Amino acid sequence: MTTTSNQATDTLSLDEEAISKARSCLSEGAVTPSIQPYAEQICKLLNDALATEWVCVLRYRRHYFTAQGLESPAIAEEFLVHATQEQEHADKLSERIVQLGGEPKLDPASFSARSHADYDESTDLKDMIRANLVAERVIVEVYRQMIGIIGDKDPTTTQMLKSILADEEEHADELSDWLEK
């Protein structure tokens, strides 16, 4: 008994029409035909993440200036390091939004409404650490979901988000360690 296999001979090939379209519309910069259908939605996701990063910058800076207690100098310094890194994330998000043809929404009045994380005015050092840890865990989850949603639709944004996610996970680990002390 012989069996024959009817294997499809699919070939991998590029979308020549999309490549041709990429030669035109030069004013759209990085927004080529394959990303164009998603650019506006991606910018919205990035703008909400941008608001979250700004809320985190402000929360960390407030905690840096108001931390009190025996261990406060070391923890306050860590808050400042995190604030600086969150600012860097905000800058990366803003740059990518512009590359995608959007505008970074930097109106401070809208940050709280669009942020996934909360601002915090705790005065107790442990409460500050806990509030920052909650915020980091929230943004870790947000970035993981964004990476899944955006995926191959925009590999550049996905790669940027993965890099930011690694920083946020590190922040969460450090805060968790401080909370256990």
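The rules we used
- Residues numbered from 1 in each chain as written.
- Predicted model: local features only at pLDDT ≥ 70, side-chain atom pairs only at ≥ 80, totals over all residues.
- Heavy atoms only, no water.
- Helix = DSSP H or I, 4+ residues; strand = E, 2+ residues; numbered from the N terminus.
- Rg over C-alpha atoms; globule rule 2.2 N^0.38 Å.
- Buried < 20%, exposed > 50% of the residue type's maximum accessible area, 1.4 Å probe, protein only.
- Contact = heavy atoms within 4.5 Å.
- Areas by Shrake-Rupley, 256 points an atom, 1.4 Å probe, with all protein chains shown as cover.
- Lys, Arg positive; Asp, Glu negative; His and termini not counted.
- Charge placed at Lys NZ, Arg CZ, Asp CG, Glu CD.
- Axes fitted to C-alpha atoms, helices over the stretch in contact; angles between N-to-C directions.
- Parallel < 35°, antiparallel > 145°, perpendicular 65-115°, else oblique.
- Left-handed = near helix turned anticlockwise from the far one by under 90°.
- Nonpolar A, V, L, I, M, F, W, Y, C, P; charged D, E, K, R; others polar.
- Polar contact = N/O pair within 3.5 Å; in protein donor to acceptor, adjacent residues only side chain to side chain.
- pLDDT = per-residue confidence, 0-100.
- Core = buried A, V, L, I, M, F, W, Y, C linked by side-chain atoms within 4.5 Å.

Asks: Is there a simple way to explain the overall build of the protein chain in this structure?
Replies: The helix and strand tally for the protein chain stands at six helices and zero strands. Overall, the protein chain shows an N-to-C arrangement of helices and strands of α-α-α-α-α-α. Taking 2.2 N^0.38 as the reference for a compact globule, 181 residues should give roughly 16 Å; the C-alpha atoms of the protein chain span a radius of gyration of 22 Å, well beyond that estimate. For the protein chain, the spread of C-alpha atoms along the principal axes amounts to about 75 × 55 × 25 Å. Burial status across the protein chain gives 39% buried among its 181 residues. For the protein chain, long-range pairs separated by at least 24 residues make up 80% of all intrachain contacts whose partners lie at least 6 apart in sequence. By element, 51% of the accessible surface of the protein chain is carried by carbon and sulfur atoms, the whole surface being about 11,000 Å². Computed over 17 positive and 34 negative side-chain charges, the separation of the two mean positions in the protein chain equals 2 Å.

Asks: Looking at this structure, I do not really get the environment of Glu 168. What am I missing?
Replies: With respect to the element layout, Glu 168 can be found in helix 6 (residues 155–180). For Glu 168, a relative accessible area of 0% corresponds to the buried category. Sequence separation between Glu 168 and His 82 is 86 residues; the distance between their C-alpha atoms is 9.0 Å. Residues within four places of Glu 168 in sequence aside, it is in contact with Glu 53, Glu 86, His 89, Glu 136, Ile 139, Val 140 and Tyr 143.

Asks: Got a minute to help me understand the packing of helix 5 (residues 125–150) against helix 6 in this structure?
Replies: For the pair helix 5 and helix 6, the least separation of the axes is 8 Å and the interaxial angle reads 155°. Overall, the two elements helix 5 and helix 6 adopt an arrangement that is roughly antiparallel. As for how helix 5 packs across helix 6, the hand of that crossing is left-handed. Here the contact of helix 5 with helix 6 is built from residues that sort into 15 nonpolar, five polar and seven charged.

Asks: Would you take a moment to explain the side chain of Arg 114 for this structure?
Replies: Secondary-structure assignment places Arg 114 in helix 4 (residues 108–114). Look at Arg 114 and you get buried, because its relative accessible area is 16%. A polar contact of 2.8 Å, which involves the side chain of Arg 114, links it to the backbone oxygen of Lys 105. Ignoring anything within four residues of it in the chain, the contact list for Arg 114 reads Asn 47, Asp 48, Ala 51, Thr 52 and Lys 105.

Asks: Please clarify how the confidence of the model for the protein chain should be interpreted in this entry.
Replies: Detailed reading of the predicted coordinates is not advisable wherever pLDDT falls low. For the protein chain, mean pLDDT is 91; residues scoring 70 or higher make up 94% of the total. A low-confidence stretch, residues 1–6 (pLDDT under 50), is modelled with zero contacts involving residues beyond four sequence positions or located in other chains.

Asks: Would you explain the nonpolar core in this entry?
Replies: Residues Leu 46, Leu 93, Leu 100, Tyr 143, Met 146, Met 160 and Leu 161 are the most contacted members of the largest nonpolar core, which totals 23 residues. Among the secondary structure elements, those contributing two or more residues to this core are helix 2 (36–66), helix 3 (72–99), helix 5 and helix 6. Looking at this core element by element, the count peaks at seven residues for helix 5. Contacts of Leu 46, omitting those with residues within four sequence positions, involve Leu 93, Arg 96, Ile 97, Leu 100, Met 146, Thr 157, Met 160 and Leu 161.

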